[in-house]
Amino acid sequence: MSDKVADKLVEGCHVLADDGQGDLIWGHVSVRDPARTDRLLMKPAGIGLEELSCDDVIAVDLDGERTSGTRARHIEVFIHTEIMRARPEVKAVVHTHPPHAVAFSSLCRKLLSVGHEGSMFCDGLPVFERTSDLIVTADLGQAVATCLAGHNALLLRNHGIVTAGRSIEEAVMTAVLLEKACKVQMLAEQAGGPKVTTTLEEARIKRERIYNLQSLQAAFDYCVRRHRARPHAGCAHHSHG
Ligand SMILES: [Zn+2]
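Counting restarts for each chain: residues are numbered from 1 in the order of the written sequence. With pLDDT at 70 or above as the cut-off, local features in this predicted model cover only qualifying residues; side-chain atom pairs require 80 or more to be listed or tallied, and sums for whole chains, interfaces and linings still use all residues.

(A) Representation of the overall build of the protein. Elements are defined by DSSP. Helices are runs of H or I of four residues or more, strands are runs of E of two residues or more, and each kind is numbered from the N terminus. When its secondary structure is counted, the protein shows 8 helices and 8 strands. Taken against the 2.2 N^0.38 rule, which gives 18 Å for 241 residues, the C-alpha radius of gyration of the protein at 17 Å falls within 12% of a compact globule. When the backbone C-alpha atoms are referred to their principal axes, the protein occupies close to 50 × 40 × 30 Å. A residue is called partly exposed when the number of other C-beta atoms within 10 Å of its own lies between 12 and 20, exposed at 12 or fewer, and buried at 20 or more, with C-beta atoms placed from the backbone. By the burial criterion, 43% of the 241 residues in the protein qualify as buried. Two things to know: the radius of gyration comes from C-alpha atoms, and the globule rule equals 2.2 Å times the number of residues to the power 0.38.

In structure tokens form, the structure reads like this:
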């Protein structure tokens, strides 16, 4: 197991927790093991996103079987394994239940580029509608992967979000941006609905300018610094500096 990648996974979970995407002990992040691309490192079940430390991280194979670590795996592991199986370029997957995105998913509205964040999803945000229940089988995981297709994110209607990235940083920041895009649009909806939104052409330009890999990395690094500066930051992971 790569400690460096496990460290990054822990940071990603903490960033999501700080963004309010922790849902008690639910919500999870995985990353492909660079040493064995048919293996994933993953947050285990039973602990909160903000509680995760490197010692807790487990590894699973593409069938969802745990191959290392002692903690239990999330029963929705198939979201991660089937997306990784379908898309070799995907290195990290996030699944959380952020409140604004969940509420937005129930409105059956198209996500618009109300603010900058919406432009991240201007080429489409699929919605998974087969069930609002948990994704607990490989078959359902495959259906989610098919719905996601080549996109960077989808909504699981009345359930949550899934994001996929070429790195943990990209997958995590995509989840942060999706929750904010849903929040901003719902603010506009509450005030009578958006009257003007960014055009597709301009949204694509903005996405390249603001949300390129380098910018997402810088934003992620900032979120990690902000997390470490918080007064509660006292777990073993933080004492490494
Ligand atoms: Zn879920």
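(B) Unusual backbone geometry, seen in detail. Phi angles above zero are rare outside glycine, and C108 is one such case at about 55°. Structurally, C108 is set in the loop between α3 (99-105) and β6 (127-128). With phi around 60°, N158 is a residue other than glycine that occupies positive phi space. Its location among the elements puts N158 in the loop between β7 (153-156) and β8 (160-165).

(C) Seen up close, the sheet that holds β7. The strand order β4-β3-β2-β1-β5-β8-β7-β6 describes an open sheet built from 8 strands, whose pairing is mixed. Since the sheet does not close on itself, it has two edges, and those belong to β4 (66-68) and β6, each with one partner. Lying on the sheet, helix α2 (residues 77-86) is in contact with β1 (28-33), β2 (36-42), β3 (58-61), β5 (92-96) and β8; it crosses β5 at an angle near 150°. Running over the sheet, helix α5 (residues 168-190) touches β1, β5, β7 and β8 and is turned about 145° from β8. Paired strands are those between which DSSP finds at least two bridges. Working definition of a contact: two residues with C-beta atoms, positioned from the backbone, lying within 7 Å. Here an axis means a line fitted to C-alpha atoms, over the contact stretch when the element is a helix, while the angle between two N-to-C directions is reported on a 0 to 180 degree scale.

(D) Representation of the nonpolar core in the model. Core analysis: the largest hydrophobic core is formed by 63 residues, its most contacted members being L9, V93, V162, V172 and L178. The biggest single contributor to this core is α5, with 10 residues. Joining buried Ala, Val, Leu, Ile, Met, Phe, Trp, Tyr and Cys residues through C-beta atoms within 7 Å gives a set, and that set is a nonpolar core.

(E) Expanded view of the pairing of β1. Counted residue by residue, β1 has 6 buried out of 6 residues, so it is predominantly covered. Here β1 pairs with β2 via 4 bridges, running antiparallel. Note on β2: the bridge partner recorded for S30 is M42. Between β1 and the antiparallel strand that follows it, β2, lie 2 residues.

(F) Summary view of helix α4 (residues 138-148). Those residues of α4 that fall on the buried side of the exposure criterion are G141, V144, A145 and L148. Within α4, the buried residues cover an arc of 100° as seen down the axis, which keeps them to one side. Looking at the buried residues of α4, the elements they touch are α2, β6, β7 and β8. Phi turns positive, to about 50°, at A149, one or two residues after α4. Throughout, the arc means that of the directions going from the helix axis to the C-beta atoms.

(G) Spotlight on the environment of V127. By secondary structure assignment, the location of V127 is in strand β6. Given 13 C-beta atoms within 10 Å, V127 falls into the partly exposed group. With 10 residues separating them in the primary sequence, V127 and T137 have C-alpha atoms 19 Å apart. Among residues more than four places away in sequence, those in contact with V127 are S105, L154, L155 and R157.

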